[in-house]
Amino acid sequence: MIAFPLLAALISLACAAIAGRRYVARRRPHELCWSIAFGFFALGAGAAVVGDLAGWTPLLVRLFYASGAILTTGFLGLGSLYILLGRRLDRWGPGIMLALTALAFAFVFGTPVNPARLGEGWHALERDGTPTRLLAAVTNAAGASIVVGGALYSVYAGLRRGMPRDRALGLILIAVGTLVVASGSALVELFGDSNFLFVAMAPGVAIIMLGYLQANRAGRPATVAPAAPSPLDRADAAHVATAPPAGVTAVAAPAGTVTAPPLAPPAANGQHAPLHATNGRGQPAGAVPPPGDRATAEGTPAPASPAGLRIRPLGPGDAAAARALLACAATASPLASGARYLADDALAALLARPGDLWLGADLEGRTVALARLSPGAEPATRHTAHLDPFVVDPGLTGRGIGAALLAEALRWADETMGLARLDLWVYPPEDGGARRVVDFYRRHGFAPEGTLRHALFAGGRHRAVLVLARTRD
């Protein structure tokens with residue numbers, strides 16, 4: 001029955017490649033653990049294929065048992081621990097990986113192989129009463145319990161916080177697939193044929209892979225047709241008369257969405273004049289500042305955004321689409337990640353809050369990116385704003401959507417809000433952040449200003465943030 005181990009090996013290689021690619025792109029430790037786990041399973045299944053075709057050898061027996069019977073489930077469990085404990089496992093995780101791998105190969109290669117039983121495959125390993133048997137039992141029991149229990153707990157806790165149902169389904173499939181794989185040993189005992197191990201393992205790994213893909217696909221926001229913001233009187237809209245980035249259709253700025261930062265001089269009665277109709281220079285909100293007073297990111301190449309991308313202000317009716325985006329794992333900026341599962345009504349209240357500007361990028365009928373500019377609330381800080389969150393659908397990164405959205409946000413900051421300063425937070429590269437994120441903002445005129453220590457509490461520990469700011473005279 002070579003078909004089942006061969007199928008299991010191919011599926012495992014595909015899983016290892018997918019998880020490894022995601023780890024390289026996102027640097028999430030649990031994906032590294034799962035990539036290694038699937039790699040070990042492919043190695044074990046491959047050893048079984050070679051053994052069945054060319055005859056088993058002591059080396060093939062040991063490779064199969066160490067990788068397939070011990071390390072696969074162990075690394076799957078370690079990956080689930082990373083999801084449950086987050087960065088708290090950073091200090092111990094690499095050591096656990098190395099220790100588990102070293103123990104498995106040391107014990108297995110120190111266990112004798114009975115040459116007379118090589119025809120029985122991995123049963124030729126004389127493991128009864130040895131540390132190898134104990135390590136395999138403990139690793140499989142602990143690993144399977146962590147994977148299944150962690151997945152079910154994540155579903156229970158996540159659904160209460162508004163987790164997308166697609167992600168919950170993916171986690172349930174991972175738990176079911178793990179149980180199917182674990183049932184392989186029972187089938188061997190029941191039918192007395194070691195080939196039945198792969199009768200369970202091949203579909204089990206396929207189910208795990210399906211669940212893994214489903215859970216990660218759920219990171220993409222659901223296809224929600226955003227409700228149109230409530231109609232506004234044409235006289236209350238401030239039109240920005242500058243060309244949008246290439247391929248982007250910009251929408252006019254509704255009055256009241258943003259409050260121009262600088263306060264006008266007091267009138268004769270001592271009251272400040274209303275500012276929402278000006279850009280802070282006494283000009284209409286739609287007026288383009290003179291060339292010498294403009295501080296757009298000149299020299300920055302125009303983003304090659306997808307055709308049909310439309311950037312517009314968001315309103316309370318876009319709460320469902322915005323929440324789906326904020327639910328994307330590892331796509332939200334530091335502050336947004338703590339509020340990614342807000343209920344629709346709470347997020348609608350944020351979208352309606354006076355002063356803040358929410359921008360959304362629509363593509364093919366759904367909102368695929370969003371950003372918020374929050375101006376200072378005091379007279380002395382109204383010339384400043386903070387950019388957060390800034391989120392792009394993880395399935396559409398690298399297509400210029402983020403660059404187009406940021407360019408449009410900067411245009412609003414300069415020409416409608418009249419900001420002299422716009423800042424944002426990112427995780428420093430040395431503290432788990434990505435260098436490419438910093439480089440992305442620097443290309444748009446932001447410069448690092450320093451690190452705030454213990455600025456956030458995330459993943460069970462205090463995190464530092466790097467402050468980037470863009471200023472203009």
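Quantities reported herein were computed from a predicted structural model and do not represent experimental measurements. (Residues numbered from 1 in each chain as written. Predicted model: local features only at pLDDT ≥ 70, side-chain atom pairs only at ≥ 80, totals over all residues. Heavy atoms only, no water.)

### Some details on the overall build of the chain
Now for step 1: Looking only at helices and strands, the chain features 13 helices and 10 strands.
Now for step 2: The buried share of the chain, taken over its 473 residues, is 49%.
Now for step 3: Here the analysis covers contacts within the chain between residues at least 6 apart in sequence; of these, 70% occur between residues at least 24 apart.
Now for step 4: With the model as given, the accessible surface of the chain reaches about 21,500 Å², and the carbon-plus-sulfur share is 62%. (Helix = DSSP H or I, 4+ residues; strand = E, 2+ residues; numbered from the N terminus. Buried < 20%, exposed > 50% of the residue type's maximum accessible area, 1.4 Å probe, protein only. Contact = heavy atoms within 4.5 Å. Areas by Shrake-Rupley, 256 points an atom, 1.4 Å probe, with all protein chains shown as cover.)

### Concerning the nonpolar core
Now for step 1: Core analysis: the biggest nonpolar cluster contains 58 residues, and Phe38, Phe64, Tyr65 and Phe198 have the highest contact counts within it.
Now for step 2: Secondary-structure elements contributing two or more residues to this core are helix 1 (3-26), helix 2 (29-54), helix 3 (58-85), helix 4 (93-109), helix 5 (131-160), helix 6 (165-182) and helix 8 (196-217).
Now for step 3: It is helix 3 that contributes the most residues to this core, 13 residues altogether.
Now for step 4: With residues up to four places along the chain from it excluded, the contact list for Phe198 reads Phe4, Pro5, Ala8, Ala45, Ala48, Phe64 and Pro203.
Now for step 5: Core analysis: the second largest hydrophobic core is formed by 35 residues, Leu363, Phe390, Leu410 and Leu419 among them. (Core = buried A, V, L, I, M, F, W, Y, C linked by side-chain atoms within 4.5 Å.)

### Examining the packing of aromatic side chains
Now for step 1: Applying the stated criterion across every chain yields a total of 8 aromatic pairs.
Now for step 2: Look at Phe40 and Phe75: their rings are 5.7 Å apart centre to centre, the planes differ by 50°, and that puts the pair in the tilted class. Of this pair, Phe40 sits in helix 2 while Phe75 sits in helix 3, placing them 35 residues apart in sequence. For the pair shown, Phe40 and Phe75 are each scored as buried.
Now for step 3: Residues Phe40 and Phe105 carry aromatic rings whose centres are separated by 6.4 Å and whose planes lie at 50° to one another, so their mutual orientation is tilted. With Phe40 in helix 2 and Phe105 in helix 4, this pair connects stretches of sequence that are 65 residues apart.
Now for step 4: Ring-pair connections join several aromatic residues into one group, and the members of that group are Phe40, Phe75, Phe105 and Phe109. (Phe/Tyr/Trp six-rings, centres within 6.5 Å; stacked < 30°, edge-to-face > 60°.)

### What to know about unusual backbone geometry
Now for step 1: A cis amide bond links Asp388 to the next residue, Pro389, at an omega of 0°.
Now for step 2: Turning to its location among the elements, Pro389 is positioned in strand 7 (residues 384-392).
Now for step 3: One non-glycine residue, Glu364, adopts positive backbone phi at about 55°.
Now for step 4: Topologically, Glu364 is positioned in the loop between strand 5 (357-363) and strand 6 (366-375).
Now for step 5: Positive phi, close to 55°, is recorded for His454, a residue that is not glycine.
Now for step 6: Relative to the elements of secondary structure, His454 occurs in strand 9 (residues 447-458).

### Some thoughts on a nonpolar patch on the surface
Now for step 1: A cluster of nonpolar residues, Leu84, Leu85, Tyr153 and Tyr156, forms a patch on the protein surface that exposes about 400 Å² of accessible area.
Now for step 2: Inspection of the secondary structure puts Leu85 in helix 3.
Now for step 3: Assessed through its relative accessible area of 33%, Leu85 is described here as partly exposed. (Patch = residues over 30% accessible without salt bridge, like charges linked within 9 Å, V, L, I, M, F, W, Y side chains within 5 Å. Salt bridge = Lys/Arg side-chain N within 4 Å of Asp/Glu carboxyl O.)

### Observations concerning the pattern of salt bridges
Now for step 1: As enumerated under the stated definition, the model contains 14 salt bridges in all.
Now for step 2: With its nearest N and O atoms 3.0 Å apart, the salt bridge here joins Glu31 to Arg22.
Now for step 3: Linking Asp356 and Arg353 is a salt bridge whose minimum nitrogen-to-oxygen distance equals 2.8 Å.
Now for step 4: Through salt bridges with shared partners, a single network forms among Arg310, Arg312, Asp318 and Asp362.

### Quick look at the confidence of the model for the chain
Now for step 1: Of the residues in the chain, 72% reach a pLDDT of 70 or more, and the chain-wide mean stands at 74.
Now for step 2: The model gives residues 218-303 a pLDDT under 50, and that stretch makes 174 contacts with residues more than four places away or in other chains. (pLDDT = per-residue confidence, 0-100.)

### As for the pairing of strand 10 (residues 461-471)
As a general feature of sheets, a regular strand has side chains that alternate between the two faces.
Now for step 1: Summarising burial for strand 10: 8 of the 11 residues are buried, a large majority.
Now for step 2: Two elements, strand 8 (residues 421-426) and strand 10, share 6 bridges in a ladder whose sense is antiparallel. Directly across from Trp425, in strand 10, lies its bridge partner Val467. (Pairing = 2+ DSSP bridges.)

### A few points about helix 4
Now for step 1: Across its 17 residues, helix 4 extends 24 Å between first and last C-alpha, which sits within 8% of the 24 Å expected from 1.5 Å per residue.
Now for step 2: Gly93, Met97, Leu100, Ala104 and Val108 are the residues of helix 4 that are buried. Viewed end-on, helix 4 has its buried residues packed into an arc of 70°, placing them on one side of the element. (Expected span 1.5 Å × (residues − 1). Arc of directions from axis to C-beta.)

### Things to note about the pairing of strand 5
Now for step 1: Buried residues dominate strand 5, accounting for 7 of its 7 residues.
Now for step 2: Side chains Leu357, Leu359, Ala361 and Leu363 project from strand 5 onto one buried face, and the interleaved Trp358, Gly360 and Asp362 project onto a second face that is buried too.
Now for step 3: Bridge analysis of strand 4 (residues 309-313) against strand 5 gives 4 bridges, and the strand direction is antiparallel. Paired with Arg310 across the strands is Asp362, a residue of strand 5.
Now for step 4: Sheet topology places strand 5 next to strand 6; 7 bridges connect them, and they run antiparallel. Residue pairing in the sheet places Leu357 in a bridge with Leu373 of strand 6.
Now for step 5: Counting the residues in the hairpin turn of strand 5 and strand 6 gives 2 residues, including Glu364, whose phi is positive at 55°.

### Things to note about the packing of helix 2 against helix 3
Now for step 1: Interaxial distance between helix 2 and helix 3 falls to 8 Å at its minimum, and their mutual angle equals 160°. Of the possible angle classes, the one that applies to helix 2 and helix 3 is roughly antiparallel. The interaxial crossing formed by helix 2 with helix 3 has left-handed handedness.
Now for step 2: Of the residues belonging to the contact of helix 2 with helix 3, the class tally is 21 nonpolar, 8 polar and no charged. (Axes fitted to C-alpha atoms, helices over the stretch in contact; angles between N-to-C directions. Parallel < 35°, antiparallel > 145°, perpendicular 65-115°, else oblique. Left-handed = near helix turned anticlockwise from the far one by under 90°. Nonpolar A, V, L, I, M, F, W, Y, C, P; charged D, E, K, R; others polar.)

### Brief notes about the environment of His454
Now for step 1: The exposure class assigned to His454 is exposed, which follows from its relative accessible area of 58%.
Now for step 2: Taking the C-alpha atoms as reference points, His454 and Val465, separated by 11 residues in sequence, lie 7.8 Å from one another.
Now for step 3: Ignoring anything within four residues of it in the chain, the contact list for His454 reads His462, Arg463 and Ala464.

### Let's talk about the environment of Ile172
Now for step 1: When you line up the elements, Ile172 lands in helix 6.
Now for step 2: Considered as a pair, Ile172 and Tyr153 are 19 residues apart in the sequence and their alpha carbons are 10.0 Å apart.

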